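Fold and contact review
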Amino acid sequence: MLGRLAKWLRIAGFDVVYSNRFTDDELVTLSHTEGRILLSRDTRLLIRKSVRKFIFLESDRVQDQIRQILRTTRTERLSGVLTRCLACNDVLLVVPRDQVQGSVPPYVFETQSTFKCCPRCHKIYWAGTHRQAVIRTLKQLL
Ligand SMILES: [Zn+2]
């Protein structure tokens, strides 16, 4: 149940595959074939299977988990904050402003100059008021 962590890591720009429907075997296979670090709170999963790269999450608090991951991966700077779709993990693409008219609320269209779009689910993103708060939170965790 690491859905909130997955979302925060995507906000921070990490390439994160997440689904609560993956079986243990699928998780291990994905980790191997895609060279991914397996994140888990389940010691049995990490010990029983021959997992090469993993981080055992010590805390069940999301903020502590993020801090542990940043420390373990020696991440000192976040260069990709808010560049991924939070639902799909795909890297967002910039879309011309005139192409989003009618697809975003009128107030947003009038007040924002830059829009990004997920190539998979086509959700449109813009720099909302929560952007600064998100960046501040992540900087505190670094
Ligand atoms: Zn998407």
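The notes below deal with the structure included here. Every chain is numbered independently, its residues counted from 1 as its sequence is written. Per-residue local features are limited, in this predicted model, to residues with pLDDT of at least 70; the limit for side-chain atom pairs, both in listing and counting, is 80 or more; totals at the level of whole chains, interfaces and linings are taken over all residues. To get the side-chain values, all heavy atoms of the structure are used, and hydrogens and water are removed first.

1. Section: the sheet that holds strand β4 (residues 115–117)
- Strands sit in the order β3-β4-β5 across an open sheet of 3 strands; the sheet is antiparallel. What marks the edges here is a single partner per strand, and that holds for β3 (93–95) and β5 (124–126). Neighbour-to-neighbour, the strand axes of the sheet open up by a mean angle of 45°, direction not taken into account.
- Here, strands pair whenever DSSP counts at least two bridges between them. Secondary structure counts use DSSP, requiring at least four H or I residues in a row for a helix and at least two E residues in a row for a strand, with both numbered from the N terminus. Direction of pairing for β3 relative to β4: antiparallel, over a ladder of 3 bridges. From the neighbouring strand, L93 faces β4, where its bridge partner is C117. Every axis in this analysis is a line fitted to C-alpha atoms, fitted for helices over the stretch in contact. Angles between the N-to-C directions lie between 0 and 180 degrees.

2. Focus on the nonpolar core
- L2, L5, A6, L9, V16, I55, L57, V62, I66, I69, L70 and L141 together form the largest nonpolar core, which totals 12 residues.
- When contributions to this core are tallied by element, the ones reaching two or more residues are α1 (3–11) and α4 (62–72).
- Looking at this core, the element that brings in the most residues is α4, giving 4 residues.
- Working rule for contacts: check all heavy atoms of both residues, and any pair within 4.5 Å makes them a contact. Once residues lying within four places of it in the same chain are set aside, the contact partners of L57 are L2, L5, L39, S40, R41, Q65, Q68 and I69.
- Among buried residues, the Ala, Val, Leu, Ile, Met, Phe, Trp, Tyr and Cys ones that are joined through side-chain atoms within 4.5 Å form a nonpolar core. For each residue, the accessible area found with a 1.4 Å probe, counting protein chains only, is set against the maximum for its type, and the residue is called buried under 20%, exposed over 50%, and partly exposed in between. Ranked by size, the runner-up nonpolar core spans 8 residues in total, among them V95, V100, V104 and I124.

That's the geometry; what it means functionally is another story.
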